Amino acid sequence: MLGHMARTLVVKVTAGADAPERCAQAFTVAATAVAAGVDVSLWLTGESTWFALPGRAQQFDLPHSAPLAELLHVILTSGRVTACTQCAARREIGPDDVLPGVRIAGAAVFVEEALAEGTQALVY
């Protein structure tokens, strides 16, 4: 169990269905870290922003990968999920549109999280 390390993992996923392997890797790493007891913050940017909407993760399919909807559920249960403010606005996604537990926030919040003491940030 990695939870004793008291570190935070910030994962920024910049790809969605346009780059399915990269997208699935980000969700898999984030969900695995959550399952190991790590404090996780997943940021949805670019095309991955669509997964903040109900039903969108269920539409994602990648052979030999855990279902994205299940990974997202794990992360939402014990971690944090944030959709990028500008990315959401470009897709006309507002706070009332996203799944329960998903917040919309911008670069200042990402920088604050990524630079916090004891944090590791990964970008996919």
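Residues numbered from 1 in each chain as written. Predicted model: local features only at pLDDT ≥ 70, side-chain atom pairs only at ≥ 80, totals over all residues. Heavy atoms only, no water.

J.: Even after reading the chapter, I still don't get the pairing of strand β2 (residues 39–44), so can you show me in this structure?
T.: Every regular strand shows the same layout, with side chains that alternate between the two sheet faces. The buried count for β2 comes to five of six residues, which makes it a mostly enclosed element. With six bridges joining them, strand β1 (residues 8–13) and β2 adopt parallel strand pairing. Paired with Val-13 across the strands is Leu-44, a residue of β2. After leaving β1, the chain enters helix α1 (residues 20–35) and then returns to the sheet as β2, a path that is right-handed. Relative to strand β3 (residues 80–84), β2 is paired through four bridges, and the arrangement is parallel. Across the sheet, the residue bridging to Leu-44 is Ala-83, located in β3. Handedness of the β2-helix α2 (residues 68–78)-β3 crossover: right-handed. (Buried < 20%, exposed > 50% of the residue type's maximum accessible area, 1.4 Å probe, protein only. Helix = DSSP H or I, 4+ residues; strand = E, 2+ residues; numbered from the N terminus. Pairing = 2+ DSSP bridges. Right-handed = clockwise from strand over helix to strand, strands pointing away.)

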